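A look at the structure
Listed below are the residues making up each chain.
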Amino acid sequence: MNITFKKANDTFASEETKESSIQFDQTESIMDLFEELNSMIGLDKVKDVIYEIYALIQVEKLRKEAELRIDSHSYHMLFKGNPGTGKTTVARIVAKMFQRMGVLSKGHFIEAERADLVGEYIGHTAQKTRELVKKAMGGILFVDEAYSLARGGEKDFGKEAIDCLVKLMEDKSDDLVIILAGYSNEMNFFLNTNPGLPSRFPIQIDFPDYSLDQLIQIAESMVKERDYALTELTIRKLKEMILDEKINEPIFSNARLIRNLIEKSIRHQAVRLMGRHTKLLKQDLMLLLPNDLISIASNDLKASNIIS
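Before going into details, it helps to say that this report is about the structure given with it. Worth saying up front: this structure is predicted, and the values here are computed from it rather than measured. (Residues numbered from 1 in each chain as written. Predicted model: local features only at pLDDT ≥ 70, side-chain atom pairs only at ≥ 80, totals over all residues. Heavy atoms only, no water.)

We now examine the layout of surface pockets. Volume-wise, the largest pocket comes out at about 640 Å³. Lining the largest pocket are 24 residues; nearest its centre among them are D71, S72, H73, Y75 and V103. When contributions to the lining of the largest pocket are tallied by element, the ones reaching two or more residues are α2 (44–65), α6 (158–171) and α8 (197–200). Among the elements that make up the lining of the largest pocket, the one with the highest residue count is α2 (4 residues). A class-by-class count of the residues in the lining of the largest pocket yields 9 nonpolar, 7 polar and 8 charged. (1 Å grid on protein atoms, 1.4 Å probe; cavity = no way out; pocket = protein on both sides within 12 Å on 5 of 7 lines; lining within 4 Å. Points joined across faces, edges and corners; volume = space filled by probe spheres on them. Helix = DSSP H or I, 4+ residues; strand = E, 2+ residues; numbered from the N terminus. Nonpolar A, V, L, I, M, F, W, Y, C, P; charged D, E, K, R; others polar.)

Pasting the structure below:
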C-alpha cells in the first residue's frame, strides 16, 4: 500500500529527568501531515502502516454514519529500530494526525525516558508514572529506550513502572496513545518481561537502517538546508566513512551519524577558511571538501590550528 498524497521534496528530523512536552501547530491539515511524512527519505513500510491506520479510522467513521457495527481499537504502538531511523519524528507526526482525526483531543507530544518514570523509593515510581500519564492525556506519551525499564535487578523499580503503565493503559485508553521505542532486540526482550505487554501494543513497527544511497540523500538534504554543498570527492569520502562505521560500530546510528558528520565538517570548514588570506568567494563559503570530513571518533582540531 502506498500513500498517494502529493510528495514534497525529500528532506530529512539520582537520575536526571529529560521529559519534554511539545505543542504542535493546529492549522496543518491531514494532507500537510502526509506530505511531511512522505518527505522523509525511505521508510516505505513505515509509511504504509501509518496510512493503514489512517484508512481504518476514516472507514470506521463512515461505518458509524451508516449505523454499522464498529469495534473499539487500541492505537498503542512499539517502534523498533536503531538510532537515527526516524522513530521520534514519525511519532510526532502521528500525534498531530490523531488530533486531526479525532482520536486524541489535544494531540500534544510528551517525550520521556526511564528517569521520568522510575522513582527512588517504594511508591515513588507509581506516583511519577501516574503524573506523567496525566500530563500526556489527550496526546501521545513517547517513551524512548523503553527496554531500560526492564534491565534492573529484582529490587529495581523499573518493573514497577511497567506494571503501572499496563494498568493505566487499560484504565485510560480513550484519550491516550503510548508509543514505546528502542532497539529491536532489546524491545523484543522487553515484551517478554510482562505478560500483558504484547496484547496492549497491537501496532508494532520496524524502522530499518537506511541504505547507503538514502544516507547520502539525507546528507545532501541537510547541507542544502544550510546553504552548503558537497563536492563529488566529498560524497565519495562520506560513503567510505559510512561503510566503515557500519562495519566497525555495533550499533549504527543512521541519520544521527550523518547529522554529526555534517555539523563537524561545517566547523572544520570554518577553521580551514580562517587560515586563508585571500578573499573568500560565495562558492568557498558553501563547499565542504573531503578534508573537512573528519571521523566522529577523531579529536577536534586544536586551537593552535585555528590561527595561522
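Still more ground to cover, so stick around.
All chains considered together, the criterion is met by 7 aromatic pairs. Judged by centre distance (4.9 Å) and plane angle (50°), the rings of F79 and F207 are tilted. With a gap of 128 residues between them, F79 in strand β2 (residues 77–81) and F207 in strand β6 (residues 203–207) connect regions that are remote in the sequence. F207 gets classed as buried once you look at its relative accessible area, which sits at 2%. (Phe/Tyr/Trp six-rings, centres within 6.5 Å; stacked < 30°, edge-to-face > 60°. Buried < 20%, exposed > 50% of the residue type's maximum accessible area, 1.4 Å probe, protein only.)

Residues that lie three or four places apart on an α-helix share one face, since the helix turns once every 3.6 residues. In this model helix α10 (residues 232–248) runs 25 Å from its N-terminal to its C-terminal C-alpha over 17 residues, within 8% of the 24 Å that 1.5 Å per residue would give. T234, I235, L238, M241, I242 and E245 are the residues of α10 that are buried. Considered in projection along α10, the buried side chains sweep an arc of 120° and stay on one side of the axis. Counted as exposed and oriented over 90 degrees from the buried face of α10: E232, L233, R236, E240 and I247. (Expected span 1.5 Å × (residues − 1). Arc of directions from axis to C-beta.)

This part takes up empty space enclosed by the protein. In this structure, the largest cavity encloses a volume near 30 Å³. Surrounding the largest cavity, I50, I53, V94, M97, F98 and M101 form its lining. For the lining of the largest cavity, the secondary structure elements donating two or more residues are α2 and α3 (87–100). Ranked by residues supplied to the lining of the largest cavity, first place goes to α3 with 3 residues. Here the lining of the largest cavity is built from residues that sort into 6 nonpolar, no polar and no charged.

Neither face of strand β4 (residues 140–143) is open: one carries I140 and F142, the other L141 and V143, and all of them are buried. Of the pairings in the sheet, the one linking strand β3 (residues 109–112) to β4 comprises 4 bridges and is parallel in character. Of the residues in β4, the one forming a bridge with F109 is I140. Note that β4 and strand β5 (residues 177–182) share 4 bridges and pair parallel. Within β5, the position partnered with L141 by the bridge is I178. (Pairing = 2+ DSSP bridges.)

The subject of this paragraph is the side chain of D292. Within the secondary structure, D292 is located in the segment after β8 (287–288). Given a relative accessible area of 2%, D292 falls into the buried group. When residues no more than four places from it in sequence are discounted, the contact partners of D292 are K264, S265, H268, Q269, R272 and L287. (Contact = heavy atoms within 4.5 Å.)

Before going further, it helps to spend a moment on the packing of helix α9 (residues 212–225) against α10. Contact geometry of α9 with α10 gives a least axis separation of 11 Å together with a crossing angle of 125°. Put simply, α9 runs oblique to α10. Seen from above, α9 lies across α10 with right-handed handedness. Every residue of α10 that contacts α9 at L212, L215, I216, A219 and E220 is listed here: I235, L238, K239, I242 and L243. Across the contact of α9 with α10, the residue classes tally to 8 nonpolar, no polar and 2 charged. (Axes fitted to C-alpha atoms, helices over the stretch in contact; angles between N-to-C directions. Parallel < 35°, antiparallel > 145°, perpendicular 65-115°, else oblique. Left-handed = near helix turned anticlockwise from the far one by under 90°.)

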